[in-house]
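# Close look at the chain arrangement
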Amino acid sequence: MNNRICDMLGIEFPLVAFSHCRDVVAAVSRAGGMGVFGGVNCSPETLEEELSWIDDHVDGKPYGLDIIVPNKVEGKGETLDPDAVLAAIPDEHKQFTNDLMQHHGVDAERIADDIEMVRRDQVASAENLRGGTAAAILDVAFRHPIKLIANALGIPPQVMLEMGERHGVPVAALVGTREHAMSQVAAGVDIIIAVGGEAGGHTGEISTMVLIPEVCNALAEIGDDTPVLAAGGIATGAQMAAAMAMGASGAWCGSVWLTTVEAETNPVVKEKMLVATSRDTVRARSRTGKPSRQLRSPWTDAWEAEGAPTPLPMPLQSLVAEPPLRTIDKLSQGENQGAKDLATYWVGQGVGLMNTQMTAGQVVQEFKEDFLTAFERLSTNLEE
Ligand SMILES: Cc1cc2nc3c(=O)[nH]c(=O)nc-3n(C[C@H](O)[C@H](O)[C@H](O)COP(=O)(O)O)c2cc1C
């Protein structure tokens with residue numbers, strides 16, 4: 001296939017894979033799509049390590065990077081006071097998660113130190129979102145042969161757009177509404193990733209089926225030809241073909257890679273995902289403070305139940321939920337049934353279509369074949 005996005009990114013099939021797992025990224029790029037490494041949690045040092053590994057395993061094929069850079073890159077020299085941040089977490093929220101674990105047979109008291117340690121590390125790595133570290137992250141990124149850079153939240157800062165232009169690297173941004181897409185193109189992004197509400201991770205309310213034509217039509221109305229990648233619930237080539245029939249230039253998928261052989265998803269959660277249906281996800285604020293779609297489990301059910309504390313704003317709610325969930329992940333891989341039950345992770349409604357474990361390369365191949373079948377099905381329908 002050869003369309004605009006293929007030309008822009010130097011790929012043969014316009015399927016883009018978002019993943020926090022470098023093996024998935026390299027495998028998808030080698031298979032003819034484009035892997036995009038989720039580097040949101042990386043420090044400049046770990047990002048350097050991850051990108052160097054990808055460089056060594058991608059056989060010269062194009063790959064991309066997804067990070068969060070605040071719109072104003074500033075704050076150099078300022079530091080967070082970790083104790084002040086930790087003190088801002090209400091006892092009510094911590095007590096709720098402790099009771100929840102205890103109720104499911106996870107000894108919250110015994111793992112309290114582990115949880116606090118993860119929490120402290122998390123506060124330290126929140127520095128990444130601040131200006132000084134963000135600038136160092138951008139420097140690392142552009143020292144590698146990335147062929148796409150995406151900003152996960154909000155409008156990319158001017159410095160990111162300028163560096164992209166200087167290095168000939170398209171800058172992409174994720175949007176969940178037509179209005180956000182318009183603001184992003186006005187700011188000068190090169191690729192819009194329109195994410196429907198079915199998506200795993202942070203997501204809006206508008207379904208992919210409505211959002212894609214809305215965004216494509218809005219761009220056409222102002223004579224803007226910025227290509228759009230469709231995201232949210234896409235787990236097959238037929239869905240990708242449908243998105244492209246609505247005006248998208250390709251697909252951006254996150255969930256479908258989580259059950260691949262290469263993915264570092266907790267094996268217990270991987271198994272849950274393989275048998276989950278499209279009804280087994282929930283869009284909730286309880287993990288990060290902003291609405292994000294996750295696999296339902298007794299953990300997410302408890303947060304949705306009457307009497308649960310109101311989730312705190314970002315990033316405080318992450319400090320409430322993430323440390324116990326990471327500890328639960330570890331315990332779930334042993335004998336603790338309660339931890340196995342509670343374990344959850346971000347995933348979209350497309351989980352209902354992810355029923356067989358494959359390698360990431362096989363997923364790309366399946367997408368290609370299913371895309372062609374869908375195309376032929378449509379042509380046959382038109383002839384009838
Ligand atoms: C486990 C997981 C983690 C995610 N983390 C990020 C992230 O760090 N940055 C980002 O831009 N998007 C992130 N996303 C969202 C994806 O970029 C993408 O919008 C979404 O996965 C598309 O919908 P799908 O999950 O139905 O394929 C994440 C998605 C998942 C499933």
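Let us look at the structure shown here. As the structure is a computational prediction, the values presented were derived from the model and not from experiment. (Residues numbered from 1 in each chain as written. Predicted model: local features only at pLDDT ≥ 70, side-chain atom pairs only at ≥ 80, totals over all residues. Heavy atoms only, no water.)

## Digging into the nonpolar core
Of all hydrophobic cores here, the largest spans 97 residues; its most connected members are Ile149 and Trp257. Setting aside residues up to four positions removed in sequence, Trp257 forms contacts with Leu15, Ala17, Phe18, Val24, Val28, Ala263, Ala360, Val363 and Val364. In terms of nonpolar packing, the next biggest core, distinct from the first, is built from 18 residues, Cys6, Val16, Ala150 and Trp252 among them. (Core = buried A, V, L, I, M, F, W, Y, C linked by side-chain atoms within 4.5 Å. Buried < 20%, exposed > 50% of the residue type's maximum accessible area, 1.4 Å probe, protein only. Contact = heavy atoms within 4.5 Å.)

## Quick notes on the sheet that holds strand β7 (residues 201-202)
Taken in spatial order, the three strands line up as β7-β11-β10 in an open sheet, and their pairing is antiparallel. Strands with a single pairing partner mark the edges of an open sheet, and in this sheet they are β7 and β10 (281-284). In this structure, β7 lies alongside strand β11 (residues 292-295), joined through two bridges in antiparallel fashion. The residue of β11 that forms the bridge with Gly201 is Arg293. (Pairing = 2+ DSSP bridges. Helix = DSSP H or I, 4+ residues; strand = E, 2+ residues; numbered from the N terminus.)

## Quick notes on helix α10 (residues 208-221)
Here α10 contains 14 residues, and its C-alpha end-to-end distance of 20 Å stays within 8% of the 20 Å for a straight helix at 1.5 Å per residue. Of the positions making up α10, those classed as buried are Thr208, Leu211, Ile212, Val215, Cys216, Ala218 and Leu219. All buried residues of α10 lie within an arc of 160° about the axis, which places them on one face of the element. Away from its buried face by more than 90 degrees, α10 exposes Met209, Ala220 and Glu221. Gly223 sits one or two positions beyond α10 and adopts a positive phi of about 70°. (Expected span 1.5 Å × (residues − 1). Arc of directions from axis to C-beta.)

## Examining the site of the ligand
Residues in contact with the ligand amount to 19 residues; listed here are only the nearest, Asp66, Gly233, Trp252, Gly254 and Ser255. At a separation of 3.3 Å, a nitrogen atom of the ligand approaches a polar side-chain atom of His20. With respect to the ligand, the backbone of Gly254 contributes an N or O atom lying 2.8 Å from an oxygen atom. Protein burial of the ligand: of its 590 Å² of free accessible surface, 92% is covered by the chains. (Near = heavy atom within 4 Å. Polar contact = N/O pair within 3.5 Å; in protein donor to acceptor, adjacent residues only side chain to side chain. Areas by Shrake-Rupley, 256 points an atom, 1.4 Å probe, with all protein chains shown as cover.)

## Quick notes on the packing of helix α5 (residues 91-103) against helix α14 (residues 316-332)
At a minimum axis distance of 10 Å, the contact between α5 and α14 shows a crossing angle of 25°. Here α5 lies roughly parallel to α14, going by the angle between them. The way α5 lies across α14 gives a crossing that is right-handed. In contact with His93, Thr97 and Met101 of α5, α14 contributes Gln317, Val320, Pro324 and Ile328. Of the residues that constitute the contact of α5 with α14, the class distribution is four nonpolar, three polar and no charged. (Axes fitted to C-alpha atoms, helices over the stretch in contact; angles between N-to-C directions. Parallel < 35°, antiparallel > 145°, perpendicular 65-115°, else oblique. Left-handed = near helix turned anticlockwise from the far one by under 90°. Nonpolar A, V, L, I, M, F, W, Y, C, P; charged D, E, K, R; others polar.)

## A short note on the sheet that holds strand β5 (residues 171-175)
Here we have eight strands rolled up into a closed barrel, ordered β1-β2-β3-β4-β5-β6-β8-β9, and parallel in their pairing. Taking each pair of neighbouring strands and ignoring which way they run, the sheet shows an average axis angle of 25°. Across three bridges, the pairing between strand β4 (residues 148-151) and β5 is parallel. Within the sheet, the bridge partner assigned to Ile149 lies in β5 and is Val171. Lying on the sheet, α10 is in contact with β5, β6 (191-195) and β8 (228-231); it crosses β8 at an angle near 170°.

## Observations regarding the side chain of Lys270
In this fold, Lys270 is placed in helix α12 (residues 267-275). No salt bridge is formed by the buried Lys270, whose closest oppositely charged neighbour, Glu262, lies at an N-O distance of 7.3 Å. Looking at Lys270, its side chain comes within polar contact range of the main-chain oxygen of Thr260, at 2.9 Å. For Lys270, the contacting residues outside a window of four places in its chain are Leu258, Thr259, Thr260, Val261, Ala263, Thr265 and Gln357. (Lys, Arg positive; Asp, Glu negative; His and termini not counted. Salt bridge = Lys/Arg side-chain N within 4 Å of Asp/Glu carboxyl O.)

## Concerning the packing of helix α9 (residues 178-187) against α10
Two numbers describe how α9 lies on α10: the axes approach to 9 Å, and their chain directions differ by 40°. One element, α9, and the other, α10, form an angle in the oblique class. The way α9 lies across α10 gives a crossing that is right-handed. In contact with Arg178, Ala181, Met182 and Val185 of α9, α10 contributes Leu211, Glu214, Val215, Ala218, Leu219 and Glu221. Across the contact of α9 with α10, the residue classes break down as seven nonpolar, no polar and three charged.

## Observations concerning the pairing of strand β9 (residues 250-253)
By the alternation rule, side chains of β9 split into Gly250 and Trp252 and Ala251 and Cys253, which are all buried. Looking at chain direction, strand β1 (residues 15-19) and β9 are connected through three bridges and run parallel. From the neighbouring strand, Ala17 faces β9, where its bridge partner is Cys253. The pairing of β8 with β9 spans two bridges and is parallel. Of the residues in β9, the one forming a bridge with Ala230 is Ala251. Tracing the backbone out of β8, into helix α11 (residues 237-245) and back to the parallel element β9 gives a crossover that is right-handed. (Right-handed = clockwise from strand over helix to strand, strands pointing away.)

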